[in-house]
Amino acid sequence: MSNFDLYRPCVPAASWRDSLFCFIDPNPPTPQEFPTVCGEILMDFSKDVTKLGCSLLELLSEGLDLDHCHLNDMDCAKGLSVLSNYYPSCPQPELTMGTIQHSDGDFFTVLLQDEIGGLQVLHQNQWVNVPPIPGALIVNIGDFLQLMSNDKYLSVEHRVIANKDVSRMSVACFFGDNVQSSKLYGPITELLSEDNPPKYRATTLKDYRSYIYNKGIDGTSALLRYKI
Ligand SMILES: O=C(O)CCC(=O)C(=O)O
Ligand SMILES: [Fe+2]
């Protein structure tokens, strides 16, 4: 795929990026379906990222005072997709964004960025740079972990600013990008109490992904639709 939102009427401006997107789990492409230059490395990288994802989910489960297997048992390491982004240098960066403000509509995202920078997260209403650290990966909580944790984990609003001088690359691995899954996810029962009633109604990845897809990246959170 090339630019996601070039022809979407609902987005304020097309993101200044071209992307190569593929679903990896549960139905990985055949080697012939990949461009020859990146097929093998994408599959190898996905395997390693999946292992990392499973370990992260153990820690995230413990962070919620749940058994360490809890989130893995809920299939949160499943439904992997990989989005490889290329942000060309932009002659008029003030007119657009590399990627428009959004939160990821998955469980969580493992992100690899190069040394250029440009990624920002919204923290206390201020855009804060996420400077590249050699050898480091970025982990973003997605909307589904916010919903399941009943707001204990918050999905992060982020964006990428366009750059006048140099191009940039990143690879985002989305866990929970299963457009076919009709398994219901709501706030985890063990976390709820009289003092902590559910803040969201349950939904499926299928429903959520199709809502986001039709809504486009327009700077508003899709979670609002599910708020009780
Ligand atoms: O390029 C980046 O650093 C972030 C990309 C991103 O947020 C996304 O593709 O969801
Ligand atoms: Fe993102």
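Before reading on, note that the structure itself is shown above.
Residues numbered from 1 in each chain as written. Chains lettered and ligands numbered in written order. Predicted model: local features only at pLDDT ≥ 70, side-chain atom pairs only at ≥ 80, totals over all residues. Heavy atoms only, no water.

A separate point is the coordination of the iron ion (ligand 2). For a metal with four tetrahedral donors the ideal donor-metal-donor angle is 109.5 degrees, whereas six octahedral donors ideally subtend 90 or 180 degrees. Around the iron ion (ligand 2), the protein contributes the donor atoms His102 (NE2), Asp104 (OD) and His158 (NE2), at 2.1 to 2.2 Å from the metal centre. Each donor residue of the iron ion (ligand 2) belongs to the same chain, and together they define the spacing H-x1-D-x53-H. One end of the pair, Asp104, is in the loop between strand S3 (99-102) and strand S4 (108-113); the other, His158, is in strand S8 (residues 158-160), and 54 residues separate them in sequence. Each of the two residues, Asp104 as well as His158, counts as buried. (Donors = N, O, S within 2.8 Å, 3.2 Å for Na, K, Ca; no water. Helix = DSSP H or I, 4+ residues; strand = E, 2+ residues; numbered from the N terminus. Buried < 20%, exposed > 50% of the residue type's maximum accessible area, 1.4 Å probe, protein only.)

Looking now at the layout of surface pockets. One way to see where empty space is left: roll a probe the size of a water molecule over the atoms. Put simply, the second largest pocket is a space of about 280 Å³. What lines the second largest pocket is a set of 16 residues, among which Leu42, Ser84, Met169, Ser170 and Val171 lie closest to the centre. Of all the elements in the fold, those that place two or more residues in the lining of the second largest pocket are strand S1 (18-23), helix H1 (39-63), strand S2 (80-87), S4 and strand S9 (168-175). Across the lining of the second largest pocket, the residue classes tally to nine nonpolar, five polar and two charged. (1 Å grid on protein atoms, 1.4 Å probe; cavity = no way out; pocket = protein on both sides within 12 Å on 5 of 7 lines; lining within 4 Å. Points joined across faces, edges and corners; volume = space filled by probe spheres on them. Nonpolar A, V, L, I, M, F, W, Y, C, P; charged D, E, K, R; others polar.)

In this section: the packing of aromatic side chains. Under the counting rule described, the total for this entry stands at eight aromatic pairs. Between Phe21 and Phe23, the aromatic rings sit 4.9 Å apart at their centres with planes inclined by 85°, giving edge-to-face as the arrangement. Here the aromatic cluster, defined as three or more aromatic residues joined through ring pairs, consists of Phe107, Phe144, Tyr185, Tyr208, Tyr211 and Tyr226. Over the ring of Tyr211 we find Arg225, and its NZ or CZ is 4.3 Å from the ring centre. (Phe/Tyr/Trp six-rings, centres within 6.5 Å; stacked < 30°, edge-to-face > 60°. Lys NZ or Arg CZ within 6 Å of the ring centre and 35° of its normal.)

What surrounds ligand 1 is a group of 13 residues, the closest being Tyr87, His102, His158, Arg168 and Ser170. Interatomic distance of 3.0 Å between a side-chain N/O atom of His158 and an oxygen atom of ligand 1. When contributions to the shell around ligand 1 are tallied by element, the ones reaching two or more residues are S2, S8 and S9. (Near = heavy atom within 4 Å. Polar contact = N/O pair within 3.5 Å; in protein donor to acceptor, adjacent residues only side chain to side chain.)

On to the pairing of S4. Burial within S4 is extensive, with five of its six residues counted as buried. In this structure, S4 lies alongside strand S7 (residues 138-141), joined through four bridges in antiparallel fashion. Looking at the pairing, Phe108 lines up with Ile141 of S7. Where S4 lies against S9, six bridges are found, and the strand directions are antiparallel. Among the inter-strand pairings, Leu111 is bridged to a residue of S9, identified as Ala172. (Pairing = 2+ DSSP bridges.)

Read from one edge of the open sheet, five strands run S1-S2-S9-S4-S7, paired in antiparallel fashion. If you trace the sheet from one side to the other, it starts and ends with S1 and S7, each paired once. Looking at each pair of strands side by side, their axes are set apart by 20° on average, direction ignored. This element, H1, spans S1, S2, S4, S7 and S9 of the sheet and lies at about 130° to S4. (Axes fitted to C-alpha atoms, helices over the stretch in contact; angles between N-to-C directions. Contact = heavy atoms within 4.5 Å.)

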